Each structure stands twice: as structure tokens, then as C-alpha cells.
Amino acid sequence: MRIRRTLLLVGVAAVAIAGGTAGAVMWRSTTAAASKPPATADAAASPRPARVQAVAFRTETRRMTLAGVVTPRIETNLGFRVAGKIVAREVDVGARVSTGQVLARLDPNDLGLARDNAAAALVAAEAEDARARADLERYAGLRGSAAFVAQTYDQRLSTANAAKARLDQARAQLATAENNLGYAALVADAAGVVTGLSMEVGQVVSAGQQVARLARTEELEILVNIPEQRLGFVSEATDVAFELWAQPGASFKARLRELAPAADPATRTYAARFALLERPPVTALGMTATLALERRSDERVAELPITAIFQQGAAPAVWVVDPATGAVALRPVTILRWRDDTALIAAGVSDGELVVTAGVHKLDAGQRVTPRPAGTSLARNQAGG
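Residues numbered from 1 in each chain as written. Predicted model: local features only at pLDDT ≥ 70, side-chain atom pairs only at ≥ 80, totals over all residues. Heavy atoms only, no water.

Enquirer: Quick question: what am I supposed to make of the nonpolar core here?
Expert: Buried together is how nonpolar side chains tend to be arranged in soluble globular proteins. Membership of the largest hydrophobic core comes to 23 residues, with the highest contact counts inside it found for Ile222, Phe242, Phe274, Leu291 and Leu293. Once residues lying within four places of it in the same chain are set aside, the contact partners of Phe242 are Ile222, Ala250, Ser251, Phe252, Lys253, Ala254, Leu276, Glu278, Pro280, Thr290 and Leu291. Val82, Val91, Ala104 and Val211 belong to the second-largest nonpolar core, a separate cluster that totals 19 residues. (Core = buried A, V, L, I, M, F, W, Y, C linked by side-chain atoms within 4.5 Å. Buried < 20%, exposed > 50% of the residue type's maximum accessible area, 1.4 Å probe, protein only. Contact = heavy atoms within 4.5 Å.)

Written out as C-alpha cells, the structure reads:
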């Protein structure tokens, strides 16, 4: 019993000694941890890489791209100038014709008979005119004799003048009949391409009825439909260039020739025609073209990526890097216009200043950065993230 009580006292003493030792060790660890400086202090003091871009002001140039089609400036509806029956069609749709080439012919029989009739009438008028002039000359020879009567002379003079007028009329009628006979052949009045035909052999047509459509190829244009919100830009464009989808990469000059005064009632767009100042080697009607319009102004702007804009409330700003210390400072800017992936800055920064263009929401005022131009790979996580 005495031995058991002694062992119990020894165990309690051992537990007390172990607890005291553990408390001392814990107190030392806490003291050492409190005396050690924070691990983030060195990281905050060292500069972080940041992607930057130098500010460069330039004259603003606005651009717009539109799609259009190649069309002829002049497309003529052709028809016979006299009525008749079509006996021959010499061309098909898509045929390239030259000036004076015959496109179709009418039956010339009736027109030939009309020409012969006019020729016969001319012969009769010539004979009557000759007789009337001879009578007038003979009677005029009696002037001064007792047989000369002034009233009779006046009558014969009037008859001669009427015969002369009928002779002139007969000549004009013969010329008209000959012209009508020539109109039996429909000819191209200019070089071009036949874009439409509405006639067949055996068809009887009236004078002036449209039977063919001819597009002249010496002057081509690009037809574009302009939305009403773009109308002002198109009217004030200073440079116009175009590319054909069939020939990508080749750019040619054009100019605005005609702008419709009213919108199309169906599409609510304005038709604009651009004349080709330079003609591509291969150009066909109906080809698709891309027009690039530019408008320059005297206002100077700097273009920065949208990722460089730090939105501070309602006011946009950018982080400007101090070249001496590498510290960044937030600078409010005035944005003139937003584009797809850039912003046009009108004021707030100066030429040559470095602006952080990535990770702007991870920066703090006064933070030091190491500038890295765009496209440079960063060894560490940059301030731009």
C-alpha cells in the first residue's frame, strides 16, 4: 500500500514537468514568430513587370467599310424605232458587242415599199416644179408688152413657189422612208454587254418597245446601299478605296459620283454610286467589292487599347508610369470615341508618356512597375495579370 502511493506521486510530478517544458517551447515559438518581419514586405518593395504603351497623338482618321457590287454607269434599254416583225436575232444575253453591231432585224418589205413610194412622189414633184418654173420664165419674158398682165404673172409665180415647196416635201419624205428602212436593223449605239433580251424571231413589235438591254463597259461604278446613320460620313469622306473579292489584296481608288436624295422605300437605305478612278485588270459586272472610306479631321487623338482604361466611378482613367521611379499614378482622361477594341483619347495624357495596358485593376497608386513593351514575354506574373 505504501509502495503504490509512492508510485502515484512520482507520476504526477513527471506530468507537471512535461507540461511546463511544452509551455516554454510554445512561448519561444510565439515570440520568434512575432519578431520575424512579414513575408510580403519584400514583395511589395520590388517592382513588378507591367505591359505598357507609349502615348502617340495623331490626326484622327475615321474609317468605314461597305460592301457593294460593280455596275455600269449607263445601261440602255433598246428598241426598234419603227414597227414591224422580227425576222432575225443576232445576239444572246451576255454577248459583248461593239459600236454599230446588229442585234436584231425587222422584215424590210413594207419599209422598202414605203421608200419606193416616196421616191416616186419625188419624181412627180420634180416634174411639176420644172413645168411651173418654165411657165413662169416664159410669161416673165412678155414683161413690157401688151400681152403681159401683172395679175397673171403673180398667179404663175405662186404656182411655181408651191411646186418648189412640194418638191422639198417629197425629198424630206424620201429621206424619212430611207431612214425607216435603215431602222429595220437594231444596232448597238456603244460597246458593251447585252444584259437582257425580250424578243424572239416572229414577234411583232411596236415602235419604241423595249426588246434589249445594253450595259456600256467603258465606265463602271460600284453601287452601295448606305444606312441613314452613315450618310454624313459617306458625304464627307476624303479618301475612298476598293477591293474586289475576286482579287483580294489589290486596292484601287474611287470617288463618290452620285448619292440618292431619298431613301429606298423598301430597304430604307440610300443608293450611292462610286466611280472607279483606277480599274482592276479583270472587272466583270456584278462582282462584289469592298469599299474603305476614310475621313480626316484636324482633331488630334491618341489610340489606346480598351484594356488600358481604368473605370473609376463614372470617369475613365489610365495608369501612367513615372520613367524615373517606375511608380504608377492614376490619371483621368477624356475619351473622344470608343472603337471595337481601342479608345480614342482626346486629353489627359501627353505624347511619349507610358501607360499600363493590361491588368489595370490590380495596381495601386504609387506601386512600382518595370515597363515591358507590348509583345514582350514576362518572366514573372506582371502587374497586368
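The structure having been displayed, the exposition proceeds.
Enquirer: Before we go on, may I ask you to explain helix H4 (residues 150–182) in this structure?
Expert: An α-helix turns once every 3.6 residues. As a result, residues three or four positions apart point the same way. Spanning 33 residues, H4 covers 49 Å between terminal C-alpha atoms, matching the ideal 48 Å at 1.5 Å per step. Where H4 is concerned, the buried positions are Tyr153, Ala160, Ala163, Leu167, Ala170, Leu174 and Ala177. Buried-residue contacts for H4 involve helix H3 (109–140). (Helix = DSSP H or I, 4+ residues; strand = E, 2+ residues; numbered from the N terminus. Expected span 1.5 Å × (residues − 1).)

Enquirer: Can you walk me through the sheet that holds strand E9 (residues 204–205) in this structure?
Expert: Two modes of strand pairing occur in sheets, parallel and antiparallel, and in both the strands are linked by backbone hydrogen bonds. Read from one edge to the other, the open sheet built from four strands follows the order E7-E6-E4-E9, with strand pairing classed as antiparallel. This sheet does not close on itself; its edge strands, each paired only once, are strand E7 (185–187) and E9. Sheet topology places strand E6 (residues 102–106) next to E7; three bridges connect them, and they run antiparallel. Looking across to E7, one finds that Val102 is bridged to Val187. (Pairing = 2+ DSSP bridges.)

Enquirer: Teacher, can you tell me more about the environment of Ala343 here?
Expert: Of note, Ala343 is situated in strand E20 (residues 342–347). Ala343 gets classed as buried once you look at its relative accessible area, which sits at 0%. When the C-alpha positions of Ala343 and Ala308 are compared, they lie 9.0 Å apart, and in sequence the two are 35 residues distant. In contact with Ala343, not counting residues within four places along its chain, are Ala302, Glu303, Leu304, Ile306, Ile309, Ile335, Arg337 and Trp338.

Enquirer: What should I look at first to understand the packing of aromatic side chains in this one?
Expert: Aromatic ring pairs are reported here in terms of the distance separating the ring centres and the angle at which the planes meet. Taken as a whole and judged by the stated rule, the model has four aromatic pairs. Seen in terms of ring centroids, Phe310 and Trp319 are 5.8 Å apart; in terms of plane orientation they differ by 65°. Their pairing is edge-to-face. A single burial state applies to Phe310 and to Trp319, both of which are buried. Connected via pairs of aromatic rings, a cluster forms that spans Tyr139, Phe148 and Tyr153. The cationic tip of Arg143 hangs over the ring face of Tyr153; the distance from NZ or CZ to the ring centre is 4.8 Å. (Phe/Tyr/Trp six-rings, centres within 6.5 Å; stacked < 30°, edge-to-face > 60°. Lys NZ or Arg CZ within 6 Å of the ring centre and 35° of its normal.)

Enquirer: What am I meant to see in the packing of H3 against H4 here?
Expert: Each pair of packed helices gets described by two things: the angle between the helix axes and the distance between those axes. Packing of H3 against H4 brings their axes to within 8 Å, and their N-to-C directions diverge by 160°. Our classification of the angle between H3 and H4 gives roughly antiparallel. Where H3 crosses over H4, the two elements pack in a sense that is left-handed. (Axes fitted to C-alpha atoms, helices over the stretch in contact; angles between N-to-C directions. Parallel < 35°, antiparallel > 145°, perpendicular 65-115°, else oblique. Left-handed = near helix turned anticlockwise from the far one by under 90°.)

Enquirer: For this particular structure, what's the right way to read unusual backbone geometry?
Expert: With the exception of glycine, most residues fall at negative phi, and the peptide bonds are largely trans. Positive phi outside glycine occurs at Arg268, with the angle close to 60°. Within the secondary structure, Arg268 sits in the loop between strand E13 (247–259) and strand E14 (269–276).

Enquirer: I tried to follow the side chain of Asp129 on my own but got confused; where do I start?
Expert: Residue placement: Asp129 occurs in helix H3. Among the polar contacts listed, one links the side chain of Asp129 to the backbone nitrogen of Lys164, at a separation of 3.3 Å. Contact partners of Asp129, with chain neighbours within four places excluded, come to Ala160, Ala163, Lys164 and Leu167. (Polar contact = N/O pair within 3.5 Å; in protein donor to acceptor, adjacent residues only side chain to side chain.)

Enquirer: Please explain H3 as it appears in this structure.
Expert: Taking 1.5 Å as the rise per residue, H3 with 32 residues should run 46 Å; its terminal C-alpha atoms sit 47 Å apart, in good agreement. Taken together, the buried residues of H3 touch H4.

Enquirer: I would appreciate a short explanation of the pairing of E20 in the present structure.
Expert: Every regular strand shows the same layout, with side chains that alternate between the two sheet faces. The pairing of strand E19 (residues 334–338) with E20 spans four bridges and is classified as antiparallel. Its bridge partner lying in E20, Thr334 is registered against Ala347.

Enquirer: Mind showing me how you'd approach the side chain of Thr71 here?
Expert: Within the element layout of this structure, Thr71 appears in strand E2 (residues 57–72). With relative accessibility at 14%, the residue Thr71 sits in the buried group. Of note is the side chain of Thr71, whose polar atom sits 3.2 Å from the side chain of Arg273.

Enquirer: Explanation requested: the sheet that holds strand E8 (residues 192–197) in the structure shown.
Expert: Here we have four strands laid out as an open sheet, ordered E3-E10-E8-E5, and antiparallel in their pairing. Looking at the sheet topology across the chains shown, the edges are occupied by strand E3 (75–79) and strand E5 (96–97). Bridge analysis of E5 against E8 gives two bridges, and the strand direction is antiparallel. Its bridge partner being in E8, Arg96 is matched across the sheet by Val193.

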